[in-house]
Amino acid sequence: MLRVLAVDDEKPLLEELLYLLGSDPRVLSAEGASDATQALRRITRALETGPEGPDGIDVVFLDIHMAGLTGLDIARLLAGFAQPPLIVFVTAHEGFAVQAFDLKAVDYVLKPVRPERLAEAVRRACAQLGRTVAAQPPEPAGPPAAPVAPSGAGVPPQRRPAPEVTVADRGADQIAVELGGVTRFVAIADIAYVEAQGDYARLHTDEGSHLVRIPLSTLEERWAARGFVRIHRRHLVALGRIDELRLDAGTTSVRVGSAELQVSRRHSRQLRDLLMRQATG
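Conventions used here
Residues numbered from 1 in each chain as written. Predicted model: local features only at pLDDT ≥ 70, side-chain atom pairs only at ≥ 80, totals over all residues. Heavy atoms only, no water. Helix = DSSP H or I, 4+ residues; strand = E, 2+ residues; numbered from the N terminus. Buried < 20%, exposed > 50% of the residue type's maximum accessible area, 1.4 Å probe, protein only. Axes fitted to C-alpha atoms, helices over the stretch in contact; angles between N-to-C directions. Left-handed = near helix turned anticlockwise from the far one by under 90°. Contact = heavy atoms within 4.5 Å. Nonpolar A, V, L, I, M, F, W, Y, C, P; charged D, E, K, R; others polar. Salt bridge = Lys/Arg side-chain N within 4 Å of Asp/Glu carboxyl O. Pairing = 2+ DSSP bridges. Arc of directions from axis to C-beta. Phe/Tyr/Trp six-rings, centres within 6.5 Å; stacked < 30°, edge-to-face > 60°. 1 Å grid on protein atoms, 1.4 Å probe; cavity = no way out; pocket = protein on both sides within 12 Å on 5 of 7 lines; lining within 4 Å. Points joined across faces, edges and corners; volume = space filled by probe spheres on them.

Regarding the overall build of the chain
If you tally the helices and strands in the chain, you get seven helices and 16 strands. When the 281 residues of the chain are sorted by exposure, 47% land in the buried category.

Let's talk about the packing of helix 1 (residues 11–22) against helix 5 (residues 115–129)
The geometry of helix 1 relative to helix 5 is characterised by a closest axis approach of 10 Å and an angle of 65 degrees between their N-to-C directions. Crossing handedness for the pair helix 1 and helix 5: right-handed. Between helix 1 and helix 5, the contacting residues are Leu-17, Leu-20 and Leu-21 on the first element and Pro-115, Leu-118 and Val-122 on the second. Taken together, the residues of the contact of helix 1 with helix 5 sort by class into six nonpolar, no polar and no charged.

Structural notes on the side chain of Thr-205
Within the secondary structure layout, Thr-205 lies in strand 10 (residues 200–205). Ignoring anything within four residues of it in the chain, the contact list for Thr-205 reads Val-186, Asp-190 and Ile-191.

Things to note about the pattern of salt bridges
Oppositely charged side chains may form a pair once their charged atoms are brought near each other. Evaluation of the coordinates by the stated rule reveals 21 salt bridges. Between Asp-63 and Lys-111 there is a salt bridge whose closest N-O contact spans 3.3 Å. Here Lys-111 lies in the loop between strand 5 (107–110) and helix 5 and Asp-63 lies in the loop between strand 3 (59–62) and helix 3 (71–78), a separation of 48 residues in the sequence. Among the residues examined, Asp-63 registers a relative accessible area of 4% and is labelled buried. Assessed through its relative accessible area of 18%, Lys-111 is described here as buried.

Observations regarding the environment of Val-122
Position of Val-122 among the secondary structure elements: in helix 5. With residues up to four places along the chain from it excluded, the contact list for Val-122 reads Leu-2, Leu-21, Asp-24, Arg-26, Val-27 and Phe-61.

Side note on the sheet that holds strand 15 (residues 251–256)
Across the sheet, three strands lie side by side as 14-15-16; this open sheet has antiparallel pairing. Edge positions in the sheet fall to strand 14 (244–248) and strand 16 (259–263), since each has one partner strand and no second. On average, adjacent strands in this sheet sit at an angle of 30 degrees to one another, irrespective of strand direction. With five bridges joining them, strand 14 and strand 15 adopt antiparallel strand pairing. Within strand 15, the position partnered with Leu-247 by the bridge is Thr-252.

Some remarks on helix 3
Those residues of helix 3 that sit buried are Gly-71, Leu-72, Ile-74, Ala-75 and Leu-78. Along the long axis of helix 3, the arc covered by the buried residues comes to 160 degrees, so they all point the same way. Of the surrounding elements, those touching the buried residues of helix 3 are helix 2 (36–49), strand 3, strand 4 (86–91) and helix 4 (97–102).

Digging into the packing of aromatic side chains
Throughout the structure, instances matching the rule amount to two aromatic pairs. When the centroid spacing of 6.4 Å and the interplanar angle of 40 degrees are considered together, the rings of Phe-101 and Tyr-108 count as tilted. Per residue, the accessibility class of Phe-101 equals that of Tyr-108, and both read buried.

Digging into the sheet that holds strand 1 (residues 2–7)
Strands sit in the order 2-1-3-4-5 across an open sheet of five strands; the sheet is parallel. The sheet terminates laterally at strand 2 (27–33) and strand 5, the two strands that pair on one side only. Pairs of neighbouring strands in the sheet enclose a mean axial angle of 20 degrees, with direction left out of account. Direction of pairing for strand 4 relative to strand 5: parallel, over a ladder of four bridges.

Here we look at empty space enclosed by the protein
By rolling a water-sized probe across the atoms, one finds the places where empty space is left. Inspection of every chain in the model, using the stated rule, returns two cavities of 30 Å³ or more. Of the volumes computed, that of the largest cavity is approximately 100 Å³. Around the largest cavity sit 13 residues that line it, and Leu-13, Leu-17, Val-90, Lys-111 and Val-113 are the ones nearest its centre. Ranked by residues supplied to the lining of the largest cavity, first place goes to helix 1 with four residues. When grouped by side-chain class, the residues that make up the lining of the largest cavity number eight nonpolar, no polar and five charged.

Just distances and angles here, no functional claims.
In structure tokens form, the structure reads like this:
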């Protein structure tokens, strides 16, 4: 079972997160810290006793935007230790996913937090630590286990609806993107390119972008027949949306609308061949 520390400088959100974590049968104890200083003090104590010690922490559920040190700053500090606790970021901002996964985060959960989504983050942490506790999502109305909360913290009377970022195909022509309780259907034909962001992918269209929780490799396989090709470990591009192919001093890039994307050497020849065949019909 997991010993977790939740860190958030907004007291109501911290209370809710502690409530949800304490409701999960895979969580042995849930402590709270209301700022970075308090969190680092508690984490330091855990590091001093070691992961198997009485003050050990297995996972830190970490907000990003906080006064003073940010959650990313804390994660960078922990990365320098031999056996740091795992990190799960819990944030209202989707734009830090790349940095989060570069810091080896186990998961990236968007606020407001949905119980099922948090349960998935707990499952991932258990899997990474080799824990085999049965993965049961928390009961929304069930009584929570007693977490160790910061002074004055209590159980909120209600939990807000909190959809996660999800993705699903709607037939063959559209992809459903859910964010903040609103589901939009984006036509695959409108997607110019896709950018990998850790375990997520950002779909770029002429109107904007959409972050979805699906690996780039999955989209590469699924959309190959629709003319999407891998040009880099971070980018998947619709062939028909490429405006220019540029060769400069041994490097290759493509222009897709206003974006210029690097083409890796291993994908360069295949891309040139595909564009040539497309041009000659």
